[in-house]
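Below are the chains, spelled out letter by letter.
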Amino acid sequence: MAEDLRDFIRRRIRDDLRTGDGEGVVTRFPPEPNGYLHIGHAKSICLNFGVAEEFDGSTYLRYDDTNPLRESQEYVDAIQRDIAWLGFSWAGPTYASDYFERLCEFAVELIKRGKAFVCSLPAEEIRATRGTLTEPGTDSPYRDRTVDENLDLFHRMRAGEFPDGSHVLRAKIDMASPNINMRDPVLYRIRHATHHRTGDDWCIYPMYDFTHCICDALEGVSHSLCTLEFEDHRPLYDWVLDNIAINYHPPQIEFSRLNLEFTVMSKRLFSTLVDDGHVTGWDDPRMPTLAGMRRRGYPPAAIREFCHRIGVTKSDGAVEYALLEFCVRQELEATAPRAMAVLDPLRVVLTNYDREGESLTAPWHPQQPEQGHREMTFSSTLYIERDDFMESPPRKYRRLTPGGMVRLRYGYIIVCEEVVKGSAGEIEELRCRYVPESKSGSDTSGLKPKGVIHWVDANTAVSAEVRLFERLFEDPNPGAGNFLEALNPASLSLADARVEPALFAREASDAVHVQFERTGYFVKDSLDFTPERPVFNRTVALRDSYKPQ
RNA sequence: UGGGGCGUCGCCAAGCGGUAAGGCACCGGGUUUUGAUCCCGGCAUACGCAGGUUCGAAUCCUGCCGCCCCAGCCA
């Protein structure tokens with residue numbers, strides 16, 4: 001039972017259950033299989049599946065596959081993969097196309113009741129006679145065809161006697177309605193197209209408004225939850241169910257869709273990004289698709305937490321990206337083992353280290369000893385992060401400087417004695433002295449360096465490609481204008497990193513994510529990672545409160 | 001200018017006539033061998049605006065203003 005009535009929909013359902021007639025909660029998630037699911041869908045998924053779970057109900061995954069021109073099996077499969085990944089299980093799946101025969105029977109019923117007619121106006125004429133926002137439309141000249149004539153025409157439409165666009169079935173409602181959706185909306189259109197499930201069985205396909213409400217009723221959906229833009233369609237949803245012999249009538253309840261700053265939430269726009277090569281695919285780690293976020297390394301639990309935190313209301317707005325990143329970090333902080341990786345290597349030679357090398361011990365997670373520890377090799381040649389050294393540091397810089405000292409995490413304290421530069425003046429390497437008695441864990445030096453930096457042993461470090469991502473768009477609302485112009489040219493950058501080898505010995509580990517200390521959380525790229533060429537995606541950087549002053 | 005919605009802190013969001021929850025962000029401070037984590041503290045005399053009802057209004061009424069959605073044989 002629901003313990004947490006945190007939004008108006010859950011309270012509404014609770015009330016409906018109390019007042020009696022409900023036999024339980026049944027919801028549905030009804031995607032059209034014409035693209036990949038995105039974070040906006042995640043909100044709807046979490047709502048529909050979450051509500052059902054909380055009220056001991058169930059949720060149908062129902063594909064809204066009424067437009068064979070745009071839909072395909074590829075998307076059907078991808079959608080199931082994404083929902084399962086998010087952690088939900090569904091009843092079904094079912095398909096609107098499962099109900100094509102019954103839908104057709106209901107259409108015939110409408111015709112027999114004089115509530116629908118075959119209109120033979122071309123599409124442009126229908127548009128022209130629909131009226132405008134402020135002017136009523138005008139009746140179709142075919143509006144008064146007899147029932148028999150309509151029946152005959154509709155049967156012949158179904159039989160394939162007419163070409164696409166020659167006739168449609170329309171509801172007979174009111175061309176003067178202030179709600180444009182009620183101005184004799186089209187119910188069926190002719191489309192000689194192969195459907196991904198029904199093949200060539202049909203050449204007429206029902207429209208959303210006719211299909212959706214009937215499928216909801218047929219499946220016994222107790223609460224049909226959808227986004228705000230369908231609010232104007234509710235009268236039509238109700239009209240259809242009120243005018244056919246069906247014994248069940250679900251309520252449609254609308255909530256506001258999710259908008260996320262610095263991204264778009266439209267399958268059409270995604271297609272453009274993919275087709276024009278601005279991203280590598282629907283699963284590009286910069287994409288707000290679930291497939292993209294999965295590849296980026298966002299844990300499903302983080303996405304669920306995000307959807308929980310944003311709430312469900314009817315007011316539209318745009319959620320800041322920072323909240324999503326917070327959820328991702330929170331999830332990863334608790335679980336990800338730590339490792340050392342230098343993204344932009346600067347060589348450090350320890351002039352007074354005359355041993356061959358040694359092994360240092362470091363925990364996989366500083367707050368979780370149960371994760372165990374690993375060994376790190378240490379020698380006279382190391383790499384540190386290039387920006388962990390500055391010749392002219394600002395005030396309060398806590399890393400390495402000429403003559404300055406710093407702690408190598410889990411290793412020794414080093415002091416920079418010389419900066420070696422190339423002919424162009426670029427820093428090629430640092431020559432440093434290490435403090436032998438400062439070994440981590442048995443430090444007797446008494447020295448207190450103000451900074452700690454990460455490092456790897458140049459002799460054993462593994463070279464790896466690291467992919468760093470920034471926001472895909474520079475405009476907080478890229479959908480407002482030409483969204484391609486808002487693309488961030490620097491959304492992807494590659495680094496040739498050096499990673500400590502113990503990470504790869506951990507192959508058998510079930511840890512999917514890793515924190516490279518001080519630089520962020522990373523995952524192996526699911527497509528491109530090979531033992532020969534490791535590739536890591538940065539899921540999200542660590543929070544950084546450093547402000548140069 | 002028709003219809004349908006929405007307006008509470010920078011963002012999300014509680015509140016449903018009794019005197020503004022919470023989270024994110026941000027700003028301080030503490031702990032820290034990740035400038036991370038963690039911990040403390042700060043952060044709306046104010047609820048789009050203007051009237052009205054009331055002992056009392058973010059919550060009720062009236063009128064404005066602003067934003068979003070709708071004129072696909074898309075969903």
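For clarity, every value in this text was computed on a predicted model and none was experimentally measured. (Residues numbered from 1 in each chain as written. Chains lettered and ligands numbered in written order. Predicted model: local features only at pLDDT ≥ 70, side-chain atom pairs only at ≥ 80, totals over all residues. Heavy atoms only, no water.)

Re the overall build of chain A
Thinking step 1. Along its length, chain A carries 13 helices and 25 strands.
Thinking step 2. At 31 Å, chain A has a C-alpha radius of gyration far larger than the 24 Å of a compact globule built from 549 residues.
Thinking step 3. On the principal axes, the C-alpha backbone points of chain A span a range of 100 × 55 × 40 Å.
Thinking step 4. Expressed as a percentage of its 549 residues, the buried residues of chain A come to 53%.
Thinking step 5. For chain A, the proportion of contacts with a sequence separation of at least 24, taken over those separated by at least 6, is 70%.
Thinking step 6. Within the structure as shown, chain A displays about 24,400 Å² of accessible surface, and the carbon and sulfur contribution to it stands at 48%.
Thinking step 7. The distance from the centre of the 66 positive side-chain charges to the centre of the 87 negative ones in chain A is 4 Å. (Helix = DSSP H or I, 4+ residues; strand = E, 2+ residues; numbered from the N terminus. Rg over C-alpha atoms; globule rule 2.2 N^0.38 Å. Buried < 20%, exposed > 50% of the residue type's maximum accessible area, 1.4 Å probe, protein only. Contact = heavy atoms within 4.5 Å. Areas by Shrake-Rupley, 256 points an atom, 1.4 Å probe, with all protein chains shown as cover. Lys, Arg positive; Asp, Glu negative; His and termini not counted. Charge placed at Lys NZ, Arg CZ, Asp CG, Glu CD.)

Some remarks on the protein's contact with RNA strand B
Thinking step 1. Neighbouring RNA strand B are 65 residues, the closest being Thr-66, Arg-191, Arg-309, Arg-338 and Ser-440.
Thinking step 2. Counted by atom, the contact set of RNA strand B within 4 Å of the protein is 67% sugar and phosphate.
Thinking step 3. Here a base nitrogen of RNA strand B sits 3.3 Å away from a polar atom, N or O, in the side chain of His-233.
Thinking step 4. Counting residues per element, the ones that place at least two in the surface near RNA strand B are helix H5 (123–128), strand E6 (186–190), helix H11 (300–310) and helix H12 (321–335).
Thinking step 5. For the surface near RNA strand B, the leading source of residues is H12, giving four residues. (Near = heavy atom within 4 Å. Polar contact = N/O pair within 3.5 Å; in protein donor to acceptor, adjacent residues only side chain to side chain.)

Let's talk about the environment of Cys-104
Thinking step 1. Assignment of secondary structure puts Cys-104 in helix H4 (residues 100–112).
Thinking step 2. Accessibility expressed as a relative area gives 3% for Cys-104, which makes it buried.
Thinking step 3. Taking the C-alpha atoms as reference points, Cys-104 and Gly-403, 299 residues apart in sequence, are found 84 Å from one another.

Considerations on the pattern of salt bridges
Should the charged atoms of two oppositely charged side chains come close, the side chains can pair.
Thinking step 1. Scanning all chains against the criterion turns up 48 salt bridges.
Thinking step 2. The residue Glu-231 makes a salt bridge to Lys-314 at a minimum N-O spacing of 2.6 Å. Separated by 83 residues along the polypeptide, Glu-231 in the loop between strand E8 (224–227) and helix H8 (234–242) and Lys-314 in the loop between H11 and H12 bring together distant segments of the chain.
Thinking step 3. The partly exposed category is assigned to Glu-231, whose relative accessible area is 27%.
Thinking step 4. Of the charged contacts in the structure, one is a salt bridge between Asp-528 and Arg-295, with a shortest N-O distance of 3.5 Å. Taken together, the residues span a long stretch of sequence, with Asp-528 in the loop between strand E24 (520–524) and strand E25 (535–540) and Arg-295 in helix H10 (residues 290–296) at a distance of 233 residues. (Salt bridge = Lys/Arg side-chain N within 4 Å of Asp/Glu carboxyl O.)

Remarks on the sheet that holds strand E17 (residues 413–421)
Thinking step 1. Strands sit in the order E19-E16-E17-E18-E12-E15-E20 across an open sheet of seven strands; the sheet is mixed. Where the open sheet ends on each side, the last strands, each with one partner, are strand E19 (452–453) and strand E20 (455–457).
Thinking step 2. The pairing of strand E12 (residues 345–350) with strand E15 (residues 381–385) spans five bridges and is classified as antiparallel. If you follow Val-348 over to E15, its bridge partner there is Leu-382. (Pairing = 2+ DSSP bridges.)

Observations concerning the side chain of Glu-219
Thinking step 1. Following the sequence through the fold, Glu-219 ends up in the loop between helix H7 (208–218) and E8.
Thinking step 2. By relative accessible area, which is 7% here, Glu-219 ends up buried.
Thinking step 3. For Glu-219, the side chain forms a polar contact with the side chain of Tyr-99, separated by 2.5 Å.
Thinking step 4. Among all residues touching Glu-219, those that are not within four sequence positions of it are Val-26, Tyr-60, Arg-62, Thr-94 and Tyr-99.

Some words on the confidence of the model for chain A
Thinking step 1. Residue-level pLDDT values for chain A average 96, and 98% of them are 70 or greater.
Thinking step 2. Confidence metrics for the complex model read pTM 0.96 and ipTM 0.97. (pLDDT = per-residue confidence, 0-100.)

So, helix H3 (residues 73–86)
An α-helical turn contains 3.6 residues, so a residue and the one three or four places further along point in the same direction.
Thinking step 1. Over its 14 residues, H3 extends 20 Å from the first C-alpha to the last, a length consistent with the 20 Å expected when each residue adds 1.5 Å.
Thinking step 2. Those residues of H3 that are buried lie in contact with strand E1 (26–29), helix H2 (39–54), strand E2 (58–63), strand E3 (91–95), H10 and H11.
Thinking step 3. Once H3 finishes, Gly-87 follows within two positions and takes phi at roughly 105°, a positive value. (Expected span 1.5 Å × (residues − 1).)

Some thoughts on the packing of aromatic side chains
Thinking step 1. Throughout the structure, instances matching the rule amount to 21 aromatic pairs.
Thinking step 2. Relative to Trp-282, the ring of Tyr-36 lies with its centre 5.2 Å away and its plane at 15°, an arrangement referred to as stacked. Here Tyr-36, found in the loop between E1 and H2, pairs with Trp-282, found in the loop between helix H9 (267–275) and H10; they are 246 residues apart in sequence, far enough to count as distant.
Thinking step 3. Take Tyr-36: its relative accessible area is 12%, and that puts it in the buried class.
Thinking step 4. Aromatic pair Phe-100 and Trp-202: ring centres 5.8 Å apart, planes at 75°, arrangement edge-to-face. Placement of Phe-100 in helix H4 and of Trp-202 in the loop between E6 and strand E7 (204–206) is noted, with a sequence separation of 102 residues between them.
Thinking step 5. The buried category is assigned to Phe-100, whose relative accessible area is 2%.
Thinking step 6. With a relative accessible area of 9%, Trp-202 lands in the buried category.
Thinking step 7. Joined through ring pairs, the aromatic side chains of Tyr-353, Phe-378, Tyr-412, Tyr-434 and Trp-455 make up one cluster.
Thinking step 8. Taking the ring centre of Phe-262 as reference, the NZ or CZ of Arg-471 above it sits at 3.6 Å. (Phe/Tyr/Trp six-rings, centres within 6.5 Å; stacked < 30°, edge-to-face > 60°. Lys NZ or Arg CZ within 6 Å of the ring centre and 35° of its normal.)

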